[in-house]
Amino acid sequence: MQFVTADTHFFHSELLGVDKFAPRPFPDVATMNQTIIDNWNAKIGEHDIVYHLGDIALYFTKPPRKAYEAIADVLGQLHGRLVLVKGNHDSRALFKYLAAHNFMVDGHPKYEFHDVGVLLKYNHRQYYLTHYPMMLGIAPQIINLHGHIHHYAVPVKENINVGIDAPELDYLNPRPAFGAPVNFAEIEQMIVAKAADLEKQR
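This write-up is about the structure you can find in this document.

Rules behind the numbers
Residues numbered from 1 in each chain as written. Predicted model: local features only at pLDDT ≥ 70, side-chain atom pairs only at ≥ 80, totals over all residues. Heavy atoms only, no water. Helix = DSSP H or I, 4+ residues; strand = E, 2+ residues; numbered from the N terminus. Expected span 1.5 Å × (residues − 1). Buried < 20%, exposed > 50% of the residue type's maximum accessible area, 1.4 Å probe, protein only. Arc of directions from axis to C-beta. Phe/Tyr/Trp six-rings, centres within 6.5 Å; stacked < 30°, edge-to-face > 60°. Contact = heavy atoms within 4.5 Å. Axes fitted to C-alpha atoms, helices over the stretch in contact; angles between N-to-C directions. Parallel < 35°, antiparallel > 145°, perpendicular 65-115°, else oblique. Left-handed = near helix turned anticlockwise from the far one by under 90°. Nonpolar A, V, L, I, M, F, W, Y, C, P; charged D, E, K, R; others polar. Pairing = 2+ DSSP bridges. Right-handed = clockwise from strand over helix to strand, strands pointing away. Salt bridge = Lys/Arg side-chain N within 4 Å of Asp/Glu carboxyl O.

For an α-helix, 3.6 residues make a turn, and residues three or four places apart therefore share a direction. Taking 1.5 Å of rise per residue, the 18 residues of helix H4 (residues 184-201) would be expected to cover 26 Å, and the 26 Å separating its terminal C-alpha atoms lies within 8% of that figure. Considered for burial, the residues of H4 that qualify are Phe184, Glu186, Ile187, Met190, Ile191 and Lys194. Projected onto a plane normal to the axis of H4, the buried residues spread over an arc of 145° and lie on a single side. Turned more than 90 degrees away from the buried face of H4 sit Ala185 and Lys200, all of them exposed.

See below:
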């Protein structure tokens, strides 16, 4: 199966706590990281593909290689193959490190890399998978799956925030466990529910 997620922000201590932008009620980054890993692996199998739409981690240490090693260790614990779209907090150096330490899963590389986005056709819809929300204009046949804005939503029905703290996840019952990626059946539910919600607000 194919899944989508964004904004895991592994190791990002400044996000800990409860606020409107990115509520992360964890006592420390180790607990947050492990919660995301556990919830991810409870849903994702080794044969699945997960599109991660940016902001994998935020971790600074010297030398930087130590941070890349720690991030790679976390990503190596996640089930499935990862298609990584670069977010504003993802450095080229991190991507280069992951590429140099790539390994095979199901006969395919664990990591695939994209600088801007991925155009994907799935079940008669077209999806543009990006980190930043895109204003696509009159392109109603394309759904933009994105992250970046955490606990906020673009008030446009074609824009669906798939980040792990996105408000669109509230359209799902039950709401996915924190850090668990969403599959395309769930995304379809989010699309339909958001369109209906916006129509009611008109």
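This brings us to the packing of aromatic side chains. Centre distance and the angle of the planes are the two values used to describe a pair of aromatic rings. According to the stated counting rule, one finds 8 aromatic pairs in the structure shown. Between Tyr68 and Tyr97 the ring centres are 6.0 Å apart and the planes differ by 45°, which places this aromatic pair in the tilted class. Linking Tyr68 in helix H2 (residues 64-77) with Tyr97 in helix H3 (residues 92-100), this pair joins segments that are 29 residues apart in sequence. Each member of the pair Tyr68 and Tyr97 is classed as buried. Seen in terms of ring centroids, Tyr127 and Phe184 are 5.1 Å apart; in terms of plane orientation they differ by 65°. Their pairing is edge-to-face. Separated by 57 residues along the polypeptide, Tyr127 in strand S8 (residues 125-130) and Phe184 in helix H4 bring together distant segments of the chain. Three or more aromatic residues joined by ring pairs form one cluster here, namely Phe95, Phe103, Tyr111 and Phe113.

Okay, the side chain of Thr8 next. Take Thr8: it is sitting in the loop between strand S1 (2-5) and helix H1 (29-43). Beyond its immediate chain neighbours, meaning those up to four positions away, Thr8 contacts Arg24, Ile36, His52, Asp55, Ile56 and Ile164.

Moving on to the packing of H2 against H3. In the contact formed by H2 and H3, the axes pass within 10 Å of each other and the chain directions differ by 60°. Judged on the interaxial angle alone, H3 and H2 are oblique. The hand of the H2/H3 crossing is right-handed. On H3, the residues touching Arg65, Tyr68, Glu69, Ile71, Ala72 and Leu75 of H2 are Ala93, Leu94, Tyr97 and Leu98. Looking at the contact of H2 with H3 residue by residue, the classes come out as 8 nonpolar, no polar and 2 charged.

We now examine H1. Given a rise of 1.5 Å per residue, 15 residues ought to cover 21 Å, and the 21 Å separating the end C-alpha atoms of H1 matches this to within 8%. Against S1, strand S2 (49-52), H2 and strand S3 (81-85) lie the buried residues of H1.

Judged by which residues are buried, S2 turns out to be covered on both faces: Ile49 and Tyr51 on one side and Val50 and His52 on the other are all buried. Relative to S2, S1 runs parallel, the two sharing 4 bridges. For Thr5, the partnering residue across the bridge sits in S2 and is His52. Handedness of the crossover joining S1 and S2 through H1: right-handed. Direction of pairing for S2 relative to S3: parallel, over a ladder of 4 bridges.

Considering all chains together, one arrives at 8 salt bridges under this definition. In this structure, the salt-bridge partner of Glu69 is Arg65, at a minimum N-O distance of 3.3 Å. With a gap of 4 residues between them, Glu69 and Arg65 both fall in helix H2, about one helical turn apart. On the accessibility criterion, Arg65 (45% relative accessible area) is partly exposed. Note that Glu188 and Arg125 form a salt bridge whose closest N and O atoms lie 2.8 Å from each other.

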